[in-house]
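This is what each chain is made of:
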Amino acid sequence: MTAVSQPVAIRAYLRLELRRMLRDRRTVLFSLLVPPAVFLWAGTSAENRATEIAPGTNLTASLLVSVALYGALLTATSGGAGVAVERAQGWTRQLRLTPLAPWAYVQAKVLASMVLGAGSVLVTFAAGAFAGARMPVSAWVLCALAAWAGSLVFAAFGLLMGYLLPTDGVLKYLNLILTALAFAGGLFLPFSDGTPMAALSRVMPTFGLAELARAPLGGGSLEVVAVVNIVAWAAIFLAGAAWRFRTDTARV
Amino acid sequence: MTPTSSYAIEARGLAKEFRGAGGTVRAVDGLDLAVRPGEVVAFLGPNGAGKTTTVDLVLGLAAPTSGTVRVFGKEPARAIADGQVAAVMQTGGLLRDITVGESVELTAALFGRTSPAGPFLERAGIADLADRPVGKCSGGQQQRLRFAMALVSEPDLLLLDEPTTGMDVRGRRDFWTAIRHDAEAGRTVVFATHYLQEAESYADRVVLISRGRLVADGTVAEVKALAGSGSLEDVFLDLTEEPATPAEGGTR
């Protein structure tokens with residue numbers, strides 16, 4: 001009798017998953033290179049650096065946090081969507097022939113993408129530190145943590161979308177959808193209060209996380225609407241993903 | 001503790017229905033089957049006869065609509081977790097971006113074993129391919145990789161679902177040499193196949209099903225005697241019918 005504990009199996013799986021991600025050029029590109037590049041290109045003009053948005057904080061810092069969040073969301077989303085891609089390849093079926101529980105597999109995939117997401121946020125923040133972003137030390141730490149932890153919501157989003165979208169080219173679609181959601185939620189450029197777009201942006205799943213990640217910049221206050229947004233979308237994505245996942249494992 | 005059974009596989013009144021657009025299809029229809037430890041059994045039947053569904057039921061990948069199936073007296077999922085049963089599926093179930101060696105090592109790790117991949121690759125006859133990415137392997141090499149992965153838990157029962165479909169003559173020969181070599185240790189082997197020659201050459205016993213029902217069961221000689229000509233092909237054609245709905249044919 002072999003009684004294999006799930007933590008041991010998850011660790012083994014996690015190790016392989018991290019190796020795979022670092023070998024995959026597309027993943028490395030979108031997680032570790034694109035976010036700092038976008039930041040350096042869009043956020044570091046002399047004007048942005050000179051614009052104070054809070055004491056000791058410039059606009060470059062705010063743009064840095066936004067782009068870092070975007071990178072973390074991208075990484076978490078593709079991590080979640082990977083489950084459906086591998087399901088289509090019959091891999092989850094093969095795993096059913098091992099002691100690894102289906103939920104443990106999903107956990108390992110999400111954990112791995114969160115590790116990569118942490119790398120993505122760190123690389124982007126390092127670029128920010130060298131390229132003139134200014135904010136208090138506490139904000140450097142809290143913004144990075146908020147962007148990283150918040151991206152977990154989008155791991156569930158990726159998991160759900162992976163099940164709903166055709167698996168061929170699902171990552172390409174998700175990159176587009178995510179970029180659209182980022183703009184619509186005011187992640188890159190917040191909309192001016194009172195405009196119809198500002199009202200619309202508040203129901204986007206990216207809005208709450210953007211507000212959360214940037215909250216430490218303005219002294220830490222977070223509107224109720226942002227909290228409600230995060231909790232609601234997290235619940236929707238998690239419930240949806242759990243529902244698809246359960247139907248799926250019952251069938252295969 | 002589950003009582004130990006003297007059978008490797010014991011199915012009683014096993015039935016599986018699928019509900020589809022065209023109504024309910026009874027893929028497996030009251031199958032009674034007992035396989036003793038150490039037997040090498042060929043599982044024959046036309047497309048859509050219920051071979052793959054039966055394999056899925058024995059592996060616990062599908063739940064029976066009615067009836068029971070036990071593997072060494074246990075629930076199939078339990079037998080899988082205990083490493084007593086393994087399978088070589090016809091297609092899929094491999095990650096194309098990892099190497100042959102990594103695939104086997106991961107499987108071993110998921111079973112809580114730290115054994116190196118080498119000996120398993122050797123037994124499957126692919127020791128020289130350890131560093132090759134799975135996606136660069138031929139169909140026959142991938143099939144021997146599935147076999148190597150199935151060996152990792154040292155299963156008492158090995159299920160092969162049309163393992164040589166699409167292989168060329170040499171690939172088939174190499175594959176069966178590896179299987180036969182390994183079965184000498186007393187492993188129970190059940191294989192579904194379309195190649196009657198494989199049944200004649202490698203099986204102790206032939207089980208023929210049609211429309212989800214058992215239509216012949218015995219040693220190769222016994223089953224052959226059912227047709228006046230003494231040819232397995234004639235027995236096959238006499239006792240099986242075209243599936244009622246051609247759409248259900250295939251391997252799902």
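Keep in mind the model is a prediction, meaning the values are calculated, not measured.

Undergrad: Before we go on, may I ask you to explain the overall build of chain A in this structure?
TA: Each helix and strand counted, chain A has 12 helices and 2 strands in total. Going from the N terminus to the C terminus, chain A shows its helices and strands as α-α-α-β-β-α-α-α-α-α-α-α-α-α. A globule of 252 residues ought to have a C-alpha radius of gyration of about 18 Å, and chain A, at 19 Å, matches this closely. Counting only C-alpha atoms, chain A reaches 65 × 35 × 30 Å along its principal axes. Out of the 252 residues belonging to chain A, those deemed buried represent 53%. In chain A, the proportion of contacts linking residues at least 24 apart, taken out of those at least 6 apart, comes to 73%. Counting every atom, chain A has about 11300 Å² of accessible surface; 70% of that belongs to carbon and sulfur.

Undergrad: I'm lost on helix H1 (residues 51-59) of chain B in this one. Help?
TA: In terms of burial, H1 of chain B is largely enclosed, as 9 of its 9 residues are buried. When H1 of chain B is considered as a whole, its buried residues turn out to be Lys51, Thr52, Thr53, Thr54, Val55, Asp56, Leu57, Val58 and Leu59 of chain B.

Undergrad: I'm lost on the pairing of strand E8 (residues 205-210) of chain B in this one. Help?
TA: One face of the sheet, then the other: side chains in a regular strand alternate in exactly this way. All names here are of chain B. Within E8, 6 of the 6 residues are buried, leaving the element largely enclosed by the surrounding structure. Burial of E8 is two-sided: the residues Arg205, Val207 and Ile209 facing one way and the residues Val206, Leu208 and Ser210 facing the other way are all buried. The pairing of strand E3 (residues 40-44) with E8 spans 4 bridges and is parallel. Residue pairing for E8: Val41 is matched across the bridge by Arg205. Examined bridge by bridge, E8 and strand E9 (residues 213-219) share 6 bridges and lie antiparallel to one another. Bridging across to E9, Arg205 finds its partner in Thr219. Adjacent in sequence and paired antiparallel, E8 and E9 are bridged by 2 residues, among which Arg211 carries a positive phi angle near 50°.

Undergrad: Looking at this model, I keep getting lost on the environment of Gly67 of chain B. Mind explaining?
TA: All names here are of chain B. The topology assignment puts Gly67 in strand E4 (residues 66-71). Residues Gly67 and Glu154, 87 residues apart in the sequence, show an inter-C-alpha distance of 28 Å. Discounting residues that sit within four places of it in the chain, Gly67 has contacts with Arg12, Gly13 and Leu14.

Undergrad: Please explain the packing of helix H4 (residues 59-88) of chain A against helix H9 (residues 170-184) of chain A as it appears in this structure.
TA: Helix-helix packing: each pair is described by the crossing angle between the helix axes and the interaxial distance. All names here are of chain A. Relative to each other, H4 and H9 sit at 145°, their axes nearing to 10 Å. Between H4 and H9 lies a crossing whose hand is right-handed. Counting all contacts with H4, which are made through Tyr70, Leu73, Leu74, Thr77, Ser78, Ala81 and Val85, the residues of H9 involved are Val170, Leu171, Leu174, Asn175, Leu178, Thr179 and Ala182. Its residues assigned to classes, the contact of H4 with H9 shows 10 nonpolar, 4 polar and no charged.

Undergrad: I keep staring at the sheet that holds E3 of chain B and nothing clicks. Help me out?
TA: Within a sheet, each strand pairs with its neighbour through backbone hydrogen bonds, oriented either parallel or antiparallel. Residues and elements named next belong to chain B. Taken in spatial order, the 6 strands make up an open sheet running E5-E6-E7-E3-E8-E9, and their pairing is mixed. Pairing within the sheet leaves two strands with one partner each, and these edge strands are strand E5 (85-88) and E9. Averaged over all neighbouring strand pairs, the angle between strand axes comes to 15°, with direction disregarded. Its contacts with the sheet put helix H5 (residues 139-151) on E5 and strand E6 (157-161), and the angle it makes with E5 is roughly 175°. Where helix H9 (residues 232-239) meets the sheet, its contacts fall on E3, E8 and E9, and the angle it forms with E8 comes to roughly 30°.

Undergrad: Got a minute to help me understand the side chain of Thr188 of chain B in this structure?
TA: All names here are of chain B. Position of Thr188 among the secondary structure elements: in strand E7 (residues 188-192). Accessibility expressed as a relative area gives 2% for Thr188, which makes it buried. A polar atom in the side chain of Thr188 sits 2.9 Å from the backbone nitrogen of Gly38. Every residue in contact with Thr188, bar those within four places of it in the chain, is listed here: Ala8, Val35, Arg36, Pro37, Gly38, Glu39, Asp156, Leu157 and Leu158.

Undergrad: Help me understand the interface of chain A and chain B, please; the structure alone is not making it clear to me.
TA: In many reports, interface size means the accessible area that the parts give up when they come together. With 24 residues of chain A in contact, the opposing surface of chain B contributes 28 residues. The contact between chain A and chain B buries some 2500 Å² in all, and 59% of this surface belongs to carbon and sulfur atoms. The interface formed by chain A and chain B contains 4 salt bridges. Note that Glu102 of chain B and Arg19 of chain A form a salt bridge whose closest N and O atoms lie 3.1 Å from each other. The tally of links between chain A and chain B comes to 5 residue pairs in polar contact (both at pLDDT 80 or more). Broken down by secondary-structure element, the contributors of at least two residues to the side of chain A that touches chain B are helix H1 (6-23) and helix H5 (91-95) of chain A.

Undergrad: Which parts of the structure should I look at to understand the pattern of salt bridges?
TA: A side chain of one charge can pair with a side chain of the opposite charge when the charged atoms of the two come close. Scanning the entire structure with this criterion turns up 25 salt bridges over all chains. Asp82 of chain B serves as the salt-bridge partner of Lys74 of chain B, at 2.7 Å between the closest nitrogen and oxygen. Residue Asp82 of chain B is classed as buried on the basis of its relative accessible area, which comes to 7%. The salt bridge partner of Glu154 of chain B is Arg123 of chain B, with a shortest N-O separation of 3.0 Å. Of the two residues, Glu154 of chain B is situated in the loop between H5 and E6 and Arg123 of chain B in helix H4 (residues 118-123); the sequence distance between them amounts to 31 residues. In this structure Glu154 of chain B comes out as partly exposed when scored by relative accessible area, which is 36%. One network of salt bridges, with partners in common, ties together Glu17, Arg20, Glu86 and Lys109 of chain A together with Asp97 of chain B.

Undergrad: Any chance you could explain the side chain of Glu39 of chain B here in plain terms?
TA: Residue and element names in this part refer to chain B. Residue placement: Glu39 occurs in the loop between strand E2 (23-35) and E3. Take Glu39: its relative accessible area is 16%, and that puts it in the buried class. Engagement of the side chain of Glu39 in a polar contact is seen with the side chain of Arg205, the distance being 2.9 Å. Those residues in contact with Glu39 that lie beyond four places of it in its chain are Ala34, Arg187, Thr188, Val189, Asp204 and Arg205.

Undergrad: I'm lost on the nonpolar core in this one. Help?
TA: Within soluble globular proteins, side chains that are nonpolar tend to cluster in buried spots. In this structure, Tyr13, Leu100, Phe125 and Met135 of chain A together with Leu44, Val104 and Phe147 of chain B are the most contacted members of the largest nonpolar core, which totals 118 residues. With near-sequence residues (within four places) excluded, Leu44 of chain B lies in contact with Lys51, Thr193, Leu196, Ala199, Val206, Val207, Leu208, Ile209, Leu232 and Phe236 of chain B. Leu57, Phe72, Val85 and Leu157 of chain B belong to the second largest nonpolar core, which has 32 residues in total.

Cut-offs and rules
- Residues numbered from 1 in each chain as written.
- Chains lettered and ligands numbered in written order.
- Predicted model: local features only at pLDDT ≥ 70, side-chain atom pairs only at ≥ 80, totals over all residues.
- Heavy atoms only, no water.
- Helix = DSSP H or I, 4+ residues; strand = E, 2+ residues; numbered from the N terminus.
- Rg over C-alpha atoms; globule rule 2.2 N^0.38 Å.
- Buried < 20%, exposed > 50% of the residue type's maximum accessible area, 1.4 Å probe, protein only.
- Contact = heavy atoms within 4.5 Å.
- Areas by Shrake-Rupley, 256 points an atom, 1.4 Å probe, with all protein chains shown as cover.
- Pairing = 2+ DSSP bridges.
- Axes fitted to C-alpha atoms, helices over the stretch in contact; angles between N-to-C directions.
- Left-handed = near helix turned anticlockwise from the far one by under 90°.
- Nonpolar A, V, L, I, M, F, W, Y, C, P; charged D, E, K, R; others polar.
- Polar contact = N/O pair within 3.5 Å; in protein donor to acceptor, adjacent residues only side chain to side chain.
- Buried area = accessible area lost by both parts, 1.4 Å probe.
- Salt bridge = Lys/Arg side-chain N within 4 Å of Asp/Glu carboxyl O.
- Core = buried A, V, L, I, M, F, W, Y, C linked by side-chain atoms within 4.5 Å.

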